[in-house]
Amino acid sequence: MMDDPRHITDPAEGADHGREEAPIFSDGEAQPVGCHAGTSEMEQAARMAGQSEILDQYAADYPTGPHDKPQSMCPAFGSLRVGLRMRRVATVLSGSACCVYGLTFVSHFYGARRSVGYVPFNSETLVTGKLFEDIRESVHELADPDRFDAIVVTNLCVPTASGVPLRLLPDEINGVRIVGIDVPGFGIPTHAEAKDVLAGAMLNYARAEVQAGPVQAPVGGKSDRPTVALLGEMFPADPMIIGGMLAPMGLAAGPVVPCREWRELYAALDCGVVAAIHPFYTSAVREFQAAGRTVVGSAPVGRDGTADWLAAIGAAYGVKPDLIAAAQNAFLPAIDAALGAAPIKGTITLSGYEGSELLVARLLIESGAQVPYVGTACAKSPWSAADAEWLAARGVKVKFRASLEDDCAAMEAVRPDLAIGTTPVVQKAKELGLPALYFTNLISARPLMGPAGAGSLAQVINAAIGNKDRMAHMKAFFEGVGHGDTAGVWEGSPNLRPDFRAAHQKKLDKQARAAKAAEMI
């Protein structure tokens with residue numbers, strides 16, 4: 001734990017500092033609006049506070065589609081996760097105490113083993129600008145070059161909406177880089193895309209350093225072969241598998257972005273080609289393209305995906321056709337064998353917010369599964385176009401920016417042998433007596449690339465499909481115990497009080513009419 005009270009490992013220790021609702025400015029008057037406010041109100045306040053440029057950039061990079069606010073966990077978890085996984089990088093959050101508590105809880109749940117800095121605020125410090133001064137003082141105290149290469153400062157919803165200007169922080173202090181980002185829930189639709197916000201900001205900083213003069217070499221030294229940067233978090237074995245598939249073409253796998261330490265950013269920018277394994281890294285792609293790098297979409301997943309991807313990477317590097325063919329011939333038979341040895345039989349609906357949903361669907365189909373629907377919370381991207389076309393040609397309905405309602409409707413309509421999705425989709429499937437698997441914990445936590453990926457899903461998928469009779473038995477066993485607010489075993493009929501419901505609904509309708517009238521004004 002850091003000594004200064006502005007930095008706390010457990011935000012609950014300083015929770016009282018953030019419970020007071022923060023003022024959002026309107027026509028020069030402070031109005032109490034917390035981070036629970038509607039996205040339109042928060043965005044309007046942010047624009048009035050001078051944040052239009054960054055919000056316009058986010059709108060271009062991460063179009064919201066049919067729903068205008070996140071339906072998964074807080075988006076800032078994505079950027080927080082990226083920072084916490086980097087060596088010699090400190091993380092400082094500025095936001096409501098409840099938000100910071102939740103984010104740090106989730107980050108430690110997922111294995112973070114370091115402190116998260118927190119700069120608390122109240123209405124007075126936010127209105128007077130003292131919050132920014134506290135942030136600046138905090139990074140000055142943290143900036144120890146013996147401990148850190150960089151400090152990441154993140155504004156959550158309320159500081160962003162109030163215009164706390166992280167851009168005015170110094171670029172570096174005592175040789176420690178300062179990276180300030182805004183990650184509001186009303187500007188970033190998913191936590192996956194928040195990863196891109198920080199990855200892009202770091203690449204931008206590193207690219208400026210490269211342009212200014214010599215920089216540190218990677219810890220392992222510079223590769224003696226041309227390298228391919230890999231864009232997107234993946235299973236630890238996948239980069240090694242990709243490296244093996246590139247070797248026959250005289251190429252090597254470069255760093256994975258988001259990186260694990262700062263100097264890897266330089267090595268990534270030094271790669272001649274970038275593989276957008278995950279397609280939602282819009283800001284990172286912009287930085288690579290500004291550095292003159294070629295970007296290739298899709299990934300070496302399954303037989304067709306691997307063949308096409310190796311050809312595209314080889315063409316981007318100008319590799320001779322016979323060397324591309326040699327790489328394909330070295331690995332495609334092994335992929336065919338792995339797919340044949342581990343078939344998947346059944347109908348599966350697939351949805352998630354990780355960004356790799358289309359790749360997983362391709363692998364499932366080549367394994368023998370029927371996949372009528374794929375929903376991804378991420379936006380349509382040129383880097384996933386080949387995957388979407390491949391799936392559409394096989395009768396798959398691909399839904400970009402899919403909402404929870406889209407995913408549940410597809411699952412209920414298809415009634416698959418297995419539903420793969422996010423927590424609420426899995427919950428809904430189990431209520432219907434359908435086998436279901438969590439995408440994040442059970443699917444994306446496996447190798448997907450090349451021969452290793454080809455046989456990695458069959459065991460867990462087939463085991464889950466085999467539970468269909470057990471799920472039906474469980475549904476029958478619990479039949480009649482109620483649903484929703486009447487769930488449980490009742491000695492008599494539940495007291496529903498429809499009059500209370502009607503009165504509350506009238507209140508909500510009145511608030512909605514008032515909000516609509518305010519918009520017209």
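Residues numbered from 1 in each chain as written. Predicted model: local features only at pLDDT ≥ 70, side-chain atom pairs only at ≥ 80, totals over all residues. Heavy atoms only, no water.

A short note on the confidence of the model for the protein chain
Definition in use: A score between 0 and 100, pLDDT records how confident the predictor is in each residue. Two residues qualify as a contact provided that any one of their heavy atoms is within 4.5 Å of a heavy atom in the partner residue.
For the protein chain, the mean per-residue pLDDT works out to 87, and 91% of the residues sit at or above 70. Counting contacts from residues 1–37, a segment whose pLDDT is below 50, to residues more than four positions away or on other chains yields 86 contacts.

Some details on a nonpolar patch on the surface
Note the cut-off: Distance thresholds for patches are 9 Å for like charges and 5 Å for nonpolar side chains (Val, Leu, Ile, Met, Phe, Trp, Tyr), applied to residues having over 30% relative accessible area and no salt bridge. Every accessible area reported is derived by Shrake-Rupley at a probe size of 1.4 Å, with residue values counting cover from the shown protein chains alone. The term salt bridge refers to a pairing of a side-chain nitrogen on Lys or Arg with a carboxyl oxygen on Asp or Glu at a separation within 4 Å. Only DSSP runs of H or I reaching four residues or more are called helices, and only runs of E reaching two or more are called strands; each is numbered from the N terminus.
On the surface, Tyr101, Phe105, Phe109 and Tyr110 cluster together to form a nonpolar patch covering roughly 470 Å² of accessible area. Topologically, Phe109 is positioned in helix α4 (residues 97–109).

Description of the sheet that holds strand β8 (residues 227–231)
Quick reminder of the rule: In this analysis, strands are considered paired if DSSP registers two or more bridges between them. Convention adopted: a line fitted to C-alpha atoms gives each axis, helices being fitted over their contacting stretch, and angles between N-to-C directions are expressed from 0 to 180 degrees.
The strand order across the open sheet formed by four strands is β9-β8-β10-β11, and the pairing between neighbours is parallel. Looking at the sheet topology across the chains shown, the edges are occupied by β9 (252–257) and β11 (294–296). Averaged over all adjacent pairs, the angle separating strand axes in this sheet is 30°, with direction ignored. By the bridge criterion, four bridges tie β8 to β9 in an arrangement that is parallel.

A short note on helix α6 (residues 130–142)
For the record, the criterion: To estimate how far a helix should extend, the number of its residues minus one is multiplied by 1.5 Å.
Over its 13 residues, α6 runs 18 Å from end to end, which matches the ideal 18 Å to within 8%, given 1.5 Å per residue. On its buried face, α6 sits against β3 (89–94), α5 (123–128), β5 (150–155), α7 (157–161), β6 (172–173) and β7 (176–182).

What to know about the sheet that holds β6
Across the sheet, which stays open at both edges, the five strands sit in the order β4-β3-β5-β7-β6 with mixed pairing between neighbours. In this open sheet, the two strands that pair with only one neighbour each are β4 (117–118) and β6. One ladder, built from six bridges, connects β3 with β5; its direction is parallel. When the bridges of β5 are listed, Ser94 appears paired with Asn155. In this fold α6 packs onto β3, β5, β6 and β7, with an angle of close to 160° to the strand it touches most, β5.

Comments concerning the packing of aromatic side chains
To keep things clear, this is the line we draw: Any two of the Phe, Tyr and Trp rings considered here, Trp counted by its six-membered ring, make a pair once their centres fall within 6.5 Å; the pair's planes then place it as stacked at under 30 degrees, edge-to-face at over 60, or tilted in between. Burial classification: accessible surface area is computed with a 1.4 Å probe over protein chains only, and a residue below 20% of its type maximum counts as buried, one above 50% as exposed, and the rest as partly exposed. Whether a charge sits over a ring comes down to the Lys NZ or Arg CZ being within 6 Å of the ring centre and within 35 degrees of the ring normal.
Taken as a whole and judged by the stated rule, the model has three aromatic pairs. A centroid spacing of 5.6 Å and a plane angle of 90° characterise the contact between Tyr205 and Trp262, whose relative ring orientation is edge-to-face. Linking Tyr205 in helix α8 (residues 191–212) with Trp262 in the loop between β9 and α10 (263–270), this pair joins segments that are 57 residues apart in sequence. We classify Trp262 as buried; its relative accessible area is 1%. Between Phe280 and Tyr281, the ring centres sit 4.5 Å apart and the planes meet at 25°, which makes this aromatic pair stacked. With relative accessibility at 0%, the residue Tyr281 sits in the buried group. The ring of Trp390 carries Arg394 above its face, with NZ or CZ at 3.8 Å from the centroid.

Notes on the nonpolar core
Where we set the bar: Side-chain atoms within 4.5 Å link the members of a nonpolar core, which is a set of buried Ala, Val, Leu, Ile, Met, Phe, Trp, Tyr and Cys residues.
By size, the foremost hydrophobic cluster in this structure holds 80 residues, and its most contacted members are Ile151, Leu231, Trp262 and Phe288. Ranked by residues supplied to this core, first place goes to α8 with nine residues. Beyond its immediate stretch of four places on either side in the chain, Phe288 contacts Leu203, Ala229, Leu231, Val257, Ala268, Leu269, Val274 and Arg293. Ranked by size, the runner-up nonpolar core spans 61 residues in total, among them Ala307, Ala342, Ala369 and Val398.

A few points about the pairing of strand β15 (residues 418–421)
Of the two faces of β15, the one lined by Leu418 and Ile420 and the one lined by Ala419 and Gly421 are each fully buried. Here three bridges tie strand β12 (residues 347–352) to β15, and the two strands are oriented parallel to one another. In the sheet register, Thr349 faces β15, and the bridge partner there is Ala419. Judged from the three bridges that link them, β15 and strand β16 (residues 436–438) form a sheet pairing that is parallel. From the neighbouring strand, Ile420 faces β16, where its bridge partner is Leu437.

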